[in-house]
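Chain by chain, the residues run as shown.
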Amino acid sequence: MSDLVSIFLQLLLFKLVAPVTFRHHRYDDLVRTLYKVHNECPHVTRVYSIGRSVKGRHLYVLEFSDYPGIHEPLEPEVKYVGNMHGNEVLGRELLLQLSEFLCEEFRNGNQRIVRLVEGTRIHILPSMNPDGYEVAAASQNRDISGYLVGRNNANGVDLNRNFPDLNTYIYYNEKNGGPNHHLPLPDNWKNQVEPETQAVIQWIRSFNFVLSANLHGGAVVANYPYDKSLEHRVRGFRRTANTPTPDDTLFQKLAKVYSYAHGWMHQGWNCGDYFPDGITNGASWYSLSKGMQDFNYLHTNCFEITLELSCDKFPRQEELQREWLSNREALIQFLEEVHQGIKGMVRDENYNNLADAVISVSGINHDVTSGDHGDYFRLLLPGTYTVTATAPTFDPETVSVTVGPGEPKLVNFQLKRSTPPAAPKRRGPNSGHRGRVLPKKVQPRAARKKEMMVKQSQRVPA
């Protein structure tokens, strides 16, 4: 009986301490909520801005970590991005709810959440497009109909069609040979993208993210790369066709983790569409060029999927609690998926960390690299793999690794500096005798003088 009373008191205390309010948050409300969470959990959170929108609104990120602001070697980085399309608002509200939930459960000693926060660095960007959201929210208040009102940023640009197109290069490289990861950006890429896109690109280049999800609305399905179809255009449109990445099986598993932890996504029938298991390859649904999830995979170490979470892009406030309860477990499980595969340190013979070492897995034509601290993370399904670490001026090292279904396998590499080949010895004009150079004969000075006098005495006058 005492246990029941204790549980009842804990639940009552949780309700008193953490009242959950399910409502839509305008920009000022969003900022206040992020700082409220930080004030309640100051030792495991940090609020920072990655840049500003067209109209000058900050793109705020809330970080959860036992050492906020610090990358701990071998601790993976994961991110959530919401509200990329300003009128798709459920992801924004879910990420605010998730932030409050993580803080309160950590304070309450929930061991699952404590392990997650202490072993993972979590970054939450509730709104990538705050300008578009304000337009969409204002249209709701004025009862203005319009499916796309507020979708784009303040310059009228769709941010999920605004990243540099790296798919064209990877499809060419797959056919003709070339890099399979970290494809370079055009020299003038900053002039081709919007302020919000530039801020996100600089963000994901600054952190060694391993896993990510981009939260959208308008359907209910977990969408994985590639988004851009490999098929040629027909009458101006690119044909829809399944276009898998080299990590297709892994991406399907990541998508299914979210789908089956969600309240109903896995059932398949949603919003008039049917997706088996509640997942789809992006290009097999519709081809999308210059999208964010393909960019993450091709330019960084990050594996990102896109989560379509509601038929209604701007659900009524009364529906938010039901949506939160249907997504809460899925949001937590997806974060936990970052802890799989292999990870480790890449060092030289003197135990110096090696950044940008390339980690290759035989049979999977997509490499990852070590971060600034020399640590790397490679998401893999259970199985046995041949893994190679390489770095310029070092000899490669190859190991065989068996990955299980639990925590990631620790696989460290210690690379030895390559010994340059000895330069061939150059043979001089007087060389011989197995390459040895023989000295010239040197006559004594007196002998040379006597010889000259003899020659002069033998000359006959003309």
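Computed from a predicted model, the values in this text were never measured in an experiment.

J.: I would appreciate a short explanation of helix H8 (residues 248-261) in the present structure.
T.: Helical geometry: 3.6 residues make up each α-helical turn, so side chains three or four residues apart lie on a common side. Spanning 14 residues, H8 covers 20 Å between terminal C-alpha atoms, matching the ideal 20 Å at 1.5 Å per step. For H8, every residue scored as buried is listed here: Asp248, Leu250, Phe251, Leu254, Ala255, Val257, Tyr258, Ser259 and Ala261.

J.: Teacher, can you tell me more about the state of the cysteines here?
T.: Each disulfide consists of one covalent bond between the sulfur atoms belonging to two cysteines. Within this structure, the stated rule accounts for two disulfides. What pairs with Cys41 in a disulfide is Cys103, and their sulfur atoms sit 1.9 Å apart. Across the disulfide from Cys41 to Cys103, rotation about the S-S bond amounts to roughly 95°, and the bridge is consequently right-handed. Of this pair, Cys41 sits in the loop between helix H2 (27-40) and strand E1 (45-52) while Cys103 sits in helix H3 (residues 90-107), and the two are 62 residues apart along the sequence. Across the pair, exposure class does not vary: Cys41 and Cys103 are buried alike. What pairs with Cys271 in a disulfide is Cys311, and their sulfur atoms sit 2.0 Å apart. Here the disulfide of Cys271 and Cys311 is left-handed, its torsion about the S-S bond being about -85°. Note that Cys271 is positioned in the loop between strand E9 (269-270) and strand E10 (273-274) and Cys311 in the loop between strand E12 (303-310) and helix H11 (320-336), a separation of 40 residues in sequence.

J.: Would you take a moment to explain unusual backbone geometry for this structure?
T.: The phi angle of most residues is negative, glycine excepted, and most peptide bonds adopt the trans form. Across the junction of Pro225 and Tyr226, the peptide omega takes the value 0°, indicating a cis bond. Structurally, Tyr226 can be placed in the loop between strand E6 (219-224) and strand E7 (233-234). Look at His182: it is not a glycine, yet its phi comes out positive at around 50°. Positionally, His182 belongs in the loop between helix H6 (167-176) and helix H7 (195-206). By relative accessible area, which is 29% here, His182 ends up partly exposed.

J.: So what exactly am I meant to see when it comes to the packing of H3 against H11 here?
T.: Helix-helix packing is characterised by the crossing angle of the two axes and by the distance between the axes. Interaxial distance between H3 and H11 falls to 10 Å at its minimum, and their mutual angle equals 65°. Relative to H11, H3 is oriented so that their crossing is right-handed. Side by side, H3 and H11 meet where Leu90, Glu93, Leu94, Gln97, Leu98, Phe101 and Leu102 of the first sit next to Leu320, Glu323, Trp324, Asn327, Arg328, Leu331 and Ile332 of the second. For the contact of H3 with H11, a count of residues per class yields nine nonpolar, two polar and three charged.

J.: Before we go on, may I ask you to explain the side chain of Glu323 in this structure?
T.: Note that Glu323 resides in helix H11. This buried residue, Glu323, is left without a salt bridge; Arg322 holds the nearest opposite charge, at 4.3 Å. With near-sequence residues (within four places) excluded, Glu323 lies in contact with Leu90, Leu94, Trp264, Leu309 and Ser310.

J.: So what exactly am I meant to see when it comes to the pattern of salt bridges here?
T.: Two side chains that carry opposite charge are able to pair once their charged atoms sit near each other. What the rule picks out here adds up to 23 salt bridges. The shortest N-O distance in the salt bridge between Lys79 and Glu304 comes to 3.0 Å. Taken as a pair, Lys79 in strand E3 (residues 77-82) and Glu304 in strand E12 lie far apart in primary sequence, 225 residues in all. Taken as a pair, Lys79 and Glu304 share a single burial class, namely buried. Among the ionic pairs, Asp277 bridges to Lys256, the shortest N-O distance being 3.9 Å. With Asp277 in the loop between E10 and strand E11 (279-281) and Lys256 in helix H8, this pair connects stretches of sequence that are 21 residues apart.

J.: It is not clear to me how the sheet that holds E3 should be interpreted in this structure. Could you clarify?
T.: Through backbone hydrogen bonds, the strands of a sheet pair up, either in parallel or in antiparallel fashion. Read from one edge of the open sheet, eight strands run E1-E2-E4-E3-E5-E12-E6-E11, paired in mixed fashion. Across the chains shown, the open sheet's two edge strands, defined by having one partner strand only, are E1 and E11. Geometrically, the sheet is characterised by an average inter-axis angle of 25° between neighbouring strands, direction not taken into account. Of the pairings in the sheet, the one linking E6 to E11 comprises three bridges and is parallel in character.

J.: Any chance you could explain the environment of Lys253 here in plain terms?
T.: By secondary structure assignment, the location of Lys253 is in helix H8. A sequence separation of 26 residues divides Lys253 from Ile279, and the C-alpha atoms of the two residues are 9.5 Å apart. If near-sequence neighbours (up to four positions away) are discounted, Lys253 is found in contact with Glu337, Gln340 and Leu381. For Lys253, the side chain forms a polar contact with the side chain of Gln340, separated by 3.5 Å.

What counts as what
- Residues numbered from 1 in each chain as written.
- Predicted model: local features only at pLDDT ≥ 70, side-chain atom pairs only at ≥ 80, totals over all residues.
- Heavy atoms only, no water.
- Helix = DSSP H or I, 4+ residues; strand = E, 2+ residues; numbered from the N terminus.
- Expected span 1.5 Å × (residues − 1).
- Buried < 20%, exposed > 50% of the residue type's maximum accessible area, 1.4 Å probe, protein only.
- Disulfide = S-S within 2.5 Å.
- Axes fitted to C-alpha atoms, helices over the stretch in contact; angles between N-to-C directions.
- Left-handed = near helix turned anticlockwise from the far one by under 90°.
- Contact = heavy atoms within 4.5 Å.
- Nonpolar A, V, L, I, M, F, W, Y, C, P; charged D, E, K, R; others polar.
- Lys, Arg positive; Asp, Glu negative; His and termini not counted.
- Salt bridge = Lys/Arg side-chain N within 4 Å of Asp/Glu carboxyl O.
- Pairing = 2+ DSSP bridges.
- Polar contact = N/O pair within 3.5 Å; in protein donor to acceptor, adjacent residues only side chain to side chain.

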